[in-house]
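Examination of the molecular architecture
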There are 2 protein chains.
Amino acid sequence: MSVWFTEKQTKSFGITGKVRRTLESEQTDFQQLEMLETEEFGNMLLLDGMVMTSEKDEFVYHEMITHIPLFTHPSPKKVLVVGGGDGGTIREVLKHPDVESVMQVEIDGKVVEYSKKHLPTISSSYGDARAELLIGDGFEHIIKSEGVYDVILVDSTEPVGPAAGLFTKGFYAGIAKALKEDGIFVAQTDNPWFKSELIKHVMRDASEVFPITRLYTCNIPTYPSGMWTFTMGSKVYDPLDVSMENISELDTKYYTPELHHASFVLPRFVNRLLDKE
Amino acid sequence: MSVWFTEKQTKSFGITGKVRRTLESEQTDFQQLEMLETEEFGNMLLLDGMVMTSEKDEFVYHEMITHIPLFTHPSPKKVLVVGGGDGGTIREVLKHPDVESVMQVEIDGKVVEYSKKHLPTISSSYGDARAELLIGDGFEHIIKSEGVYDVILVDSTEPVGPAAGLFTKGFYAGIAKALKEDGIFVAQTDNPWFKSELIKHVMRDASEVFPITRLYTCNIPTYPSGMWTFTMGSKVYDPLDVSMENISELDTKYYTPELHHASFVLPRFVNRLLDKE
């Protein structure tokens, strides 16, 4: 006998993988949490049945949500991460020597607890002197903040369950207020094959708040369609104006200075979705 | 009750999709052929249990195997397609007005027959006056050809079953001989997450035959990892030297002049696979 997990990424399509062991399975206060030891992707975190991260391919998401905005901002000193309980995003943020502090607001303490236990290479930056963790509601933290952050990264789940409020126009307005006057935000915004309407409305809403909005992509095998998008909203700096010479060498497995630019070049069907042609 | 197909893309990971109807299921002289009507991706062709193409996402593969080399060659008049029985590649080739003739050599006539019947938007160019179809062995055709083709596209299955011979050094030498002195070839070469050794050895073998070899990628949701690679071997022309102004407007859904260049920008782990850094 063998045990396989299946994630239905749409009503009629999904991925399936062999499970060696179920490490955790728990209904937290916020969501159903599974930590699985899989054969192909190593240890894997699922929330409400959706793959959040895996040891084998996590580097793509965490590098790409982080390094694009942090190299777009000329001096990112104060960074906020909303969500990101596995710890991978703050690990990447802390690779930037300019960063003086990274505040993280994660709603579900159980995600942090089990990531520390079962995803040690991802959660390795908890305890860093520059990192502060707050277990609570990211939206509430943002509403209370004004002109504080250089960069805000929204490392959330899909817009169902606890993250639903993170995909609304009011949220982007709150982010703009919490940012300094030259701040940048990035949010993960799913994939253009199955969630084209979501991308359209996030880009439209963000563009009503930020003068510069851009969509960029990367390849994540365990995420729906394998093509993932991030939406960037920026008050001053355009990621396309970043000179490759100003991107310092970092220890990465996916991000490169050349990819900084290439990841904004979209397939025609995505351009059309955004009325770019 | 509902019926779902599952393709094990590795021993322990795969995709699964809901099937409305099985349109064809047949052991041909060469392989097991299934034509399924799926809910998410429309009609879908599988060979030996592997997804070959689907109505919803076929445009990515067919545009990217074709337009990159055909816009790299300044005047592609004679084109050879090895495999490609669904017809999607010749459909894209024939969008180029320079093309005078496209010869296609497909080993399995049943693939053509059932694609004409069930994939009408993909197989729509069969019968075009510039297209010739030969049911036979592509390798044998190449060995008999000398200095004939401007561009050769190897639109094959994985290197198991009938396509195994298409991933050998002898094959690339044969392709070089069949090409004119400024010819270009492209082959599909799987994905870097699960088949890194294949990509390494194809690039190494091709570079012993062609002065210019390049790897480029695209996103195909129904293919393993969602990131697909193509290997290009070229005698004279470098795809990176193509000026965007020289890329004429074509009716595409994925390919754009900007993507022509961006698709060669690789993630760091792929660069390292190719000893590029």
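Just so it is clear, the model here is predicted, and its values are computed rather than measured.

**Side note on the interface of chain B and chain A**
Listed per partner, the contact involves 46 residues of chain B and 46 residues of chain A. The junction of chain B with chain A conceals about 3,500 Å² of combined surface from both sides, 64% of it contributed by carbon and sulfur atoms. Considering only the side of chain B, the residues that lose the most area to chain A are B:Phe13, B:Trp193 and B:Arg268, jointly responsible for 21% of the buried surface there. At the surface where chain B touches chain A, the tally comes to 2 salt bridges.

**Regarding the environment of B:Arg272**
Along the chain, the position of B:Arg272 falls in helix α8 (residues 268-273). Exposure remark for B:Arg272: the relative accessible area of 41% places this residue in the partly exposed category. In contact with B:Arg272, not counting residues within four places along its chain, are A:Thr252, A:Lys253 and B:Glu277.

**Re the domain arrangement of chain A**
By a frequent convention, interface size equals the accessible area lost on bringing the separate parts together. Residues and elements named next belong to chain A. What the domain assignment reports for chain A is domain 1 (3-53) and domain 2 (58-273). Here domain 1 and domain 2 have C-alpha centroids that lie 23 Å from each other. Counting residues at the interface gives 22 residues for domain 1, matched by 23 residues for domain 2. In total, about 2,000 Å² of surface goes out of reach between domain 1 and domain 2, with carbon and sulfur atoms giving 68% of it. On the domain 1 side of the contact with domain 2, Glu 24, Phe 30 and Thr 53 bury the most area, a combined 25% of that side's loss. The interface formed by domain 1 and domain 2 contains 2 salt bridges. With a shortest N-O distance of 3.5 Å, Glu 26 and Lys 110 are connected by a salt bridge.

**Quick word on the sheet that holds strand β12 (residues 227-234) of chain A**
Residue and element names in this part refer to chain A. Spatial ordering of the open sheet is given by β8-β7-β6-β9-β10-β12-β11, a layout of 7 strands whose pairing is mixed. A single partner strand is all that each edge strand has here, and the edge strands are β8 (131-135) and β11 (212-219). Averaged over all neighbouring strand pairs, the angle between strand axes comes to 15°, with direction disregarded. The strands touched by helix α1 (residues 58-72) within the sheet are β6 (78-83), β9 (149-155), β10 (179-188), β11 and β12, with β9 carrying the most contacts at an inclination of about 160°.

**A few points about the sheet that holds strand β11 (residues 212-219) of chain B**
Strand pairs in the sheet, formed through backbone hydrogen bonds, run parallel or antiparallel to each other. Residues and elements named next belong to chain B. The strand order across the open sheet built from 7 strands is β8-β7-β6-β9-β10-β12-β11, with neighbouring strands paired in mixed fashion. At either end of the open sheet lies a strand with only one pairing partner, and these are β8 (131-135) and β11. For this sheet the average axis-to-axis angle between neighbouring strands, irrespective of direction, equals 15°. With 5 bridges joining them, strand β10 (residues 179-188) and strand β12 (residues 227-234) adopt antiparallel strand pairing. Considered in β12, the bridge of Ala 187 is made with Thr 231. Where helix α6 (residues 196-207) meets the sheet, its contacts fall on β10, β11 and β12, and the angle it forms with β11 comes to roughly 150°.

**Regarding the packing of aromatic side chains**
Taken as a whole, this structure holds 32 aromatic pairs over all chains when the rule is applied. Where A:Phe41 meets B:Phe194, the ring centres are 6.0 Å apart and the plane angle is 75°; that geometry is what we call edge-to-face. Placement of A:Phe41 in the loop between β3 (32-38) and β4 (42-47) and of B:Phe194 in the loop between β10 and α6 is noted, with the two residues assigned to different chains. No difference in accessibility class separates A:Phe41 from B:Phe194, as the two residues are buried. Through successive ring pairs, a cluster of aromatic residues spans A:Tyr61, A:Tyr216, A:Tyr223, A:Trp228, A:Phe230 and A:Phe264. For A:Lys56, the ring lying beneath its charged end belongs to A:Phe41, and the centroid distance is 5.4 Å. A cation over a ring is seen here: A:Lys116 above A:Tyr126, with NZ or CZ 5.4 Å from the ring centre.

**A look at the UniProt feature "binding site: spermidine" (unreviewed entry) in chain A**
All names here are of chain A. If you check UniProt for "binding site: spermidine" (unreviewed entry), the listed places come out as His 62, Asp 86, Asp 155, Ser 156, Thr 157 and Glu 158 in our numbering. Among the secondary structure elements, His 62 is positioned in helix α1. Not counting chain neighbours up to four residues away, the residues in contact with His 62 comprise Thr 53, Asp 86, Gly 88, Thr 89, Arg 91, Glu 92, Ile 122 and Asp 155. Within the secondary structure, Thr 157 sits in the loop between β9 and α5 (169-178).

**Things to note about the environment of B:Leu133**
All names here are of chain B. Here Leu 133 is to be found in strand β8. C-alpha separation for the pair Leu 133 and Val 81, spaced 52 residues apart in sequence, amounts to 9.4 Å. If near-sequence neighbours (up to four positions away) are discounted, Leu 133 is found in contact with Gln 104, Glu 106, Val 112 and Tyr 126.

**Things to note about the relation of the copies chain B and chain A**
In the superposition of chain B on chain A (RMSD 0.0 Å, axial shift 0.0 Å), the rotation amounts to 180°. Classification of the inter-copy transformation places it as that of a two-fold axis. Interface overlap between copies is the fraction of interface residues in one copy that are interface residues in the other; for chain B against chain A it reaches 100%, indicating a shared surface.

**So, the pattern of salt bridges**
Residue and element names in this part refer to chain A. All chains considered together, the criterion is met by 34 salt bridges over all chains. A salt bridge links Arg 91 to Glu 58; its shortest N-O distance comes to 2.8 Å. With a gap of 33 residues between them, Arg 91 in helix α2 (residues 88-93) and Glu 58 in helix α1 connect regions that are remote in the sequence. Of the residues examined, Glu 58 reaches a relative accessible area of 5% and is grouped as buried. One salt bridge in this structure joins Glu 92 and Lys 95, with 3.0 Å as the shortest N-O distance. By relative accessible area, which is 1% here, Glu 92 ends up buried.

**So, α5(A)**
Residue pairs spaced three or four apart in an α-helix point in one direction, given the helix's 3.6 residues per turn. All buried positions along α5(A) are accounted for by A:Phe171, A:Tyr172, A:Gly174, A:Ile175, A:Ala176 and A:Ala178. For α5(A), the secondary structure elements touched by its buried residues are α4 (138-144), β9, β10 and α6 (196-207) of chain A.

**Some points on unusual backbone geometry**
Trans peptide bonds make up the majority, and among non-glycine residues the majority have a negative phi. Residues and elements named next belong to chain A. Phi at Asp 48 is positive, roughly 50°, even though this residue is not glycine. Inspection of the secondary structure assignment puts Asp 48 in the loop between β4 and β5 (50-54). Backbone geometry places Asp 275, a non-glycine residue, at a positive phi of 55°. Among the structural elements, Asp 275 can be located in the segment after α8 (268-273). The exposure class assigned to Asp 275 is exposed, which follows from its relative accessible area of 68%.

Definitions and limits used
Residues numbered from 1 in each chain as written. Chains lettered and ligands numbered in written order. Predicted model: local features only at pLDDT ≥ 70, side-chain atom pairs only at ≥ 80, totals over all residues. Heavy atoms only, no water. Contact = heavy atoms within 4.5 Å. Buried area = accessible area lost by both parts, 1.4 Å probe. Salt bridge = Lys/Arg side-chain N within 4 Å of Asp/Glu carboxyl O. Helix = DSSP H or I, 4+ residues; strand = E, 2+ residues; numbered from the N terminus. Buried < 20%, exposed > 50% of the residue type's maximum accessible area, 1.4 Å probe, protein only. Domains from an automatic or database assignment. Pairing = 2+ DSSP bridges. Axes fitted to C-alpha atoms, helices over the stretch in contact; angles between N-to-C directions. Phe/Tyr/Trp six-rings, centres within 6.5 Å; stacked < 30°, edge-to-face > 60°. Lys NZ or Arg CZ within 6 Å of the ring centre and 35° of its normal. UniProt positions renumbered as here; feature names shortened; annotations may be inferred. Least-squares fit on C-alpha atoms with pLDDT ≥ 70 in both.

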